[in-house]
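A closer look at the structure
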Amino acid sequence: MTPETLIAVLAEADRLRDGFAARGALVVQTDVLQPAGTLLDLYGEDIRGRSYLTSDPVQGEMVLRPDFTVPVVQMHMASHALPARYTYAGKVFRKQDQDPSRANEFVQVGFEVFDGSNPAKADAEVFAAIRDGLGDLPLRAATGDIGILMAAVAGLRTSQPRKDALARHIWRPRRFRTLLDRFGGRSPVPPSRAALLGADDPFAAAGPEIGLRSRREVEARIATLRTDAATPPISREELALLDTLMGLRETSDHVLSRLRDIAVDMPAIGPAVTRLRARLDALDALGVDVSALEFEGSYGRTTLEYYDGFVFGFYAADPLMPPVATGGRYDALTARLGDGAAVPAVGGVIRPDLVLALRGAV
Ligand SMILES: N[C@@H](Cc1c[nH]c[nH+]1)C(=O)O
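Just so it is clear, the model here is predicted, and its values are computed rather than measured.

Quick look at the site of the ligand
Around the ligand sit 16 residues in total, of which D67, T69, R94, E112 and Y307 are the nearest. Within the side chain of T69, an N or O atom sits 2.8 Å from a nitrogen atom of the ligand. Contact between the ligand and Q108: an oxygen atom at 2.9 Å from a side-chain N or O atom of the residue. When the free accessible area of the ligand is taken as 310 Å², the share hidden by the protein chains comes to 97%. Contributing elements (two or more residues each) for the shell around the ligand: β6 (105-114), β11 (325-329) and β12 (345-350). Broken down by class, the residue content of the shell around the ligand amounts to six nonpolar, seven polar and three charged.

Take a look at the structure:
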């Protein structure tokens, strides 16, 4: 990026941030160098693999800020003031090994709302604030709801370890599919594993212990696999319902009736569907045309792992351009960073560089 472009992008970032501040958000800043360690775990595989790690002689492993949400949540959890709205503008850093034309450092302008009084309204507030910040740019909005998928997994009639494994892999769609095929008896047990689990003494021909795992760890793993092999497969009906859920792609008003149908056979998603309904009402009240708003059952499954409810993004027509704005709800993240004290929270960011590019201004 040329120095002139960066100056224009920073000016646009200020303008967007002023817009969020006018909605009652407090302007905040965070350090660029953040402690790595446990914090990095909160982002999930994608961002972990793309973050710039470095080390400090006193503070240990550090990372160049991959986003603002985690440090802002930490800041908020330390102050506990409620309800709270924050806005920020600054650079984040992510390696781009796939596509060299994508920026590895770029400016984000964000808006975060910590307010549990009416989560549906807060979701709509954030979505509308981002939409208004984007003005009349020709963008397509996509939405989803990770909370519905989580509820579906939690409600499966199968063992807890299976549900835990699936829940951990919601953000890795391929791995999730493999697990589902295995737990549903759709893929055969590999012969080597069948032989291992069937053996009276799996260690008989194992030779000396040379791996990183102790014998006890290996025994525990084999016991888990044996219990799993004895667990009946997830039913075809439940698998079909999950497939339908993940394949949904409709406008939001239609999706609601589809989800209500699915909830008849999968009552566990009922509360999440009720929340979706409340959100759509709140969006409608803020002038969002929900009959034109896309909903995708699998939307958000390849992004940040801290999202656990509403997720959204705004996209330009050019499929090669990254999303111009993204965001979502992250209630559980506040609990993890706040010693169990959760505060329902939702937020989103806009990329001012892409806004200017679309306007033809840079
Ligand atoms: N921090 C997210 C965006 C976001 C802000 N608030 C919620 N989500 C990102 O960098 O993609």
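Regarding the pattern of salt bridges
In total, this model carries 26 salt bridges according to the counting rule given. One salt bridge connects E12 with R15, and the closest N-O pair in it is separated by 2.9 Å. With a gap of three residues between them, E12 and R15 both fall in helix α1 (residues 3-21), about one helical turn apart. The class for R15 is partly exposed, based on a relative accessible area of 43%. We note a salt bridge from E219 to R215, for which the minimum N-O separation is 3.1 Å. On the criterion of helical spacing, the pair formed by E219 and R215 is a turn pair, its members being four residues apart in helix α10 (residues 215-229). The exposure class assigned to R215 is partly exposed, which follows from its relative accessible area of 38%.

Quick notes on the packing of helix α8 (residues 173-183) against helix α11 (residues 236-247)
Relative to each other, α8 and α11 sit at 165°, their axes nearing to 11 Å. The orientation of α8 relative to α11 falls into the category roughly antiparallel. When you trace α8 past α11, the crossing you get is left-handed. Across from F176, R177 and L180 in α8, the residues of α11 making contact are L239, L242, D243 and M246. Within the contact of α8 with α11, the residues separate by chemical class into five nonpolar, no polar and two charged.

Focus: the layout of surface pockets
Taken as a whole, the second largest pocket holds about 400 Å³ of empty space. Around the second largest pocket, the lining comprises 17 residues; the ones closest to its centre are P161, A165, F183, R221 and T224. Contributions of two or more residues to the lining of the second largest pocket are made by α7 (160-168), α8 and α10. A per-element tally of the lining of the second largest pocket places α10 first, with five residues. The residue inventory of the lining of the second largest pocket, partitioned by class, reads five nonpolar, five polar and seven charged.

Thoughts on the side chain of R85
Mapped onto the elements, R85 comes out in strand β5 (residues 84-93). Within the structure, the side chain of R85 is placed 3.3 Å from the side chain of D115, a separation counted as a polar contact. Those residues within four positions of R85 in sequence are excluded, and the remaining contacts are R23, G24, A25, L26, F111, E112, V113, D115 and E125.

Looking at the sheet that holds β12
Read across the sheet, nine strands follow the order β1-β5-β6-β12-β11-β10-β7-β9-β8 without closing on themselves; strand pairing throughout is mixed. Bordering the open sheet on either side are β1 (26-27) and β8 (249-251), each of which pairs with just one other strand. Of the strand pairs in this sheet, strand β7 (residues 140-145) and strand β10 (residues 310-315) are connected by six bridges, and their pairing is antiparallel. By the bridge assignment for β10, T143 is matched with F312.

Describing the environment of L241
Residue placement: L241 occurs in helix α11. Ignoring anything within four residues of it in the chain, the contact list for L241 reads I262, D265 and M266.

With respect to the pairing of strand β3 (residues 53-56)
With four bridges connecting them, β3 and strand β4 (residues 60-64) associate as antiparallel partners. The residue of β4 that forms the bridge with T54 is M62. Here β3 hands over to β4 after three residues, the two strands then running antiparallel side by side.

What counts as what
Residues numbered from 1 in each chain as written. Predicted model: local features only at pLDDT ≥ 70, side-chain atom pairs only at ≥ 80, totals over all residues. Heavy atoms only, no water. Near = heavy atom within 4 Å. Polar contact = N/O pair within 3.5 Å; in protein donor to acceptor, adjacent residues only side chain to side chain. Areas by Shrake-Rupley, 256 points an atom, 1.4 Å probe, with all protein chains shown as cover. Helix = DSSP H or I, 4+ residues; strand = E, 2+ residues; numbered from the N terminus. Nonpolar A, V, L, I, M, F, W, Y, C, P; charged D, E, K, R; others polar. Salt bridge = Lys/Arg side-chain N within 4 Å of Asp/Glu carboxyl O. Buried < 20%, exposed > 50% of the residue type's maximum accessible area, 1.4 Å probe, protein only. Axes fitted to C-alpha atoms, helices over the stretch in contact; angles between N-to-C directions. Parallel < 35°, antiparallel > 145°, perpendicular 65-115°, else oblique. Left-handed = near helix turned anticlockwise from the far one by under 90°. Contact = heavy atoms within 4.5 Å. 1 Å grid on protein atoms, 1.4 Å probe; cavity = no way out; pocket = protein on both sides within 12 Å on 5 of 7 lines; lining within 4 Å. Points joined across faces, edges and corners; volume = space filled by probe spheres on them. Pairing = 2+ DSSP bridges.

Everything listed here is a matter of geometry and, on its own, says nothing about what the molecule does.
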